[in-house]
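Single-letter residue listing:
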Amino acid sequence: MTTPIALIDCNSYYVSCERAFDASLKDVPVVVLSNNDGCVIARSAESKALGIKMGDPIHHLRDMVRRHGIRVLSSNYTLYGDMQRRVIAACEAFARDFEIYSIDETFLDLAGFEDRDLVAHAQAMRNQVQQWTTIPTCVGIAGTKTLAKLANRAAKTDPRFGGVADLRDDAVRRKVMDVIEVGDVWGVGRATATKLLDLDIRTAAALRDMPMKQARAVGTVVLERLVAELRGEAANAVEAIEPQRKGMAVTRSFGTPVTRFDHLMGALTEYAMRAGEKLRAHGLVAGRLTAFFHTNRHRPDRPQYAASRAVTLHPMTADSLKLIAAARRGAERAWRDGYAFTKAGVILENLVASELRPRTLFEEPDDRRARLMSALDEINGRFGKWSAVTASQGFKREWKLRADSRSPAWTTRLSDLPLVKT
DNA sequence: TCTGGGGTCCTAGGACCC
DNA sequence: TCTGGGGTCCTAGGACCC
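Every value quoted in this text rests on a predicted model; they were computed, and no experiment measured them. (Residues numbered from 1 in each chain as written. Chains lettered and ligands numbered in written order. Predicted model: local features only at pLDDT ≥ 70, side-chain atom pairs only at ≥ 80, totals over all residues. Heavy atoms only, no water.)

**Concerning the pairing of strand β6 (residues 105-109)**
Our working definition: For every residue, the accessible area obtained with a 1.4 Å probe (protein chains only) is divided by the maximum for its type, and the residue is called buried under 20%, exposed over 50%, and partly exposed between those limits. Every helix listed is a DSSP run of H or I at least four residues long, and every strand listed is a run of E at least two residues long, numbered separately from the N terminus. Each pair of strands is called paired provided DSSP finds at least two bridges between the two strands.
Summarising burial for β6: 5 of the 5 residues are buried, a large majority. Across the two faces of β6 the burial is the same, with Glu105, Phe107 and Asp109 and Thr106 and Leu108 all buried. Across 5 bridges, strand β1 (residues 5-10) lies against β6 in antiparallel orientation. Along β6, the bridge assignment pairs Leu7 with Phe107. As defined by bridge partners, strand β5 (residues 97-102) adjoins β6 across 5 bridges and the pair is classed as antiparallel. Its bridge partner lying in β6, Ser102 is registered against Glu105.

**Focus: helix α6 (residues 145-157)**
Each α-helix winds once per 3.6 residues, and so residues spaced three or four apart point in a common direction. Quick reminder of the rule: Expected span, for any helix, means 1.5 Å times one less than how many residues it has.
The end-to-end C-alpha distance of α6 is 18 Å, a good match for the 18 Å that 13 residues give at a rise of 1.5 Å each. Within α6, the full set of buried residues consists of Lys145, Thr146, Leu147, Ala148, Lys149, Leu150, Ala151, Asn152, Ala154 and Ala155.

**Observations regarding the nonpolar core**
Soluble globular proteins tend to bury their nonpolar side chains together. Put simply, the rule reads: Think of a nonpolar core as a cluster: buried Ala, Val, Leu, Ile, Met, Phe, Trp, Tyr and Cys residues, connected wherever their side-chain atoms sit within 4.5 Å. Residue contacts follow a heavy-atom distance rule, with two residues in contact if any of their heavy atoms lie within 4.5 Å.
Of all hydrophobic cores here, the largest spans 40 residues; its most connected members are Leu264, Leu268, Leu279, Leu289, Phe293, Val346 and Leu348. Of all the elements in the fold, those that place two or more residues in this core are β9 (247-258), α11 (261-281), β10 (284-295), β11 (306-317), α12 (320-334), β12 (341-349) and α13 (367-383). It is α11 that contributes the most residues to this core, 9 residues altogether. Excluding residues that lie within four positions of it along the chain, Leu264 makes contacts with Phe254, Val258, Phe293, Ala331, Trp335 and Ala344.

Here it is, written out as structure tokens:
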């Protein structure tokens, strides 16, 4: 008997976070936009009912927004990240091991809780989260992570489950798998779904029943593992310990296209600064930096150019000024005149915990530089992101993105605290 | 006019080296 | 007529996830 796994998933998470602090958003259609106010990344139930899809560009929806009075918000990741900590805190007592899978989903290893009524257990957890954060959730319970995902989907889409679906029961599991489309299974994307449909494999149940050999032929070991999980054989454990991350990136689309090298460098400088902050916040150093930029891929009628150049960081470093220098070297090598660039970024790889980094022969301890970096982090942490910047970054940001309708930092900035009038 | 950002894993060809 | 093999790094791109 495998230990039961639960997946708790917040409903319309970003919208629910916004609603926690703005009562006027209740019961009306709401959407939250991606960075740069480009496309829809979260929808309230009312917006879903209007037919708005995940990823819809907002400029295609302007009419609809006017007609239905849809409330449109820029995304506020500081708020969503802070709310996530509160959601996890509310779940703490309900399992011993957690894997925080994404900003709104957490797997729970329910080992040690098997003798309880797990549906009642999950309902109590939902209530706790609702009480502490106002965020509505759904919970799926099953023997493997992939099945817990399916269970969660069932809990979310079929009101008869009352918010908690337990797929450990054979009959319930079969019924659910018969109706879930193959493309809605976790790990089956568009390309794989097309291949499976060609083989007349249309449901989660059909995927479960396909021959293992065929699964490997269609989608390598990845699909093979997925099929095993659908059969109840755990191929993925709940990973309570966060694995060492392999890379990190800071990338942005530009509000206005960039045609000049110095403007591109202004943006890359900013991203390299930010990447350094992220490295230092995680206590890491990087061994490799890649700078990239490209033109608008949605306009094939215009001249296209995409390039990326990697620079080895030797010695490994988290020093923003060294990252900026490396980004410049990469960008200079890749630059071509005559194009309008719409996106750029900095990717850091070969990450190692700072204290474990290999020392080089000629490396001298540079305390002053380290102190400068922590001073920078402190100033920008206390007074806001653009208080201290490098000269090449500059205060004028021609490429900067749009975020016209961002909600206040309700939970993390004192001046944005909501006021209660009595 | 206007189409996100941040991840992981995998594949493949070319350059380069021994 | 008649191609070396194997390793690593770089760049590019596909597929998937949230």
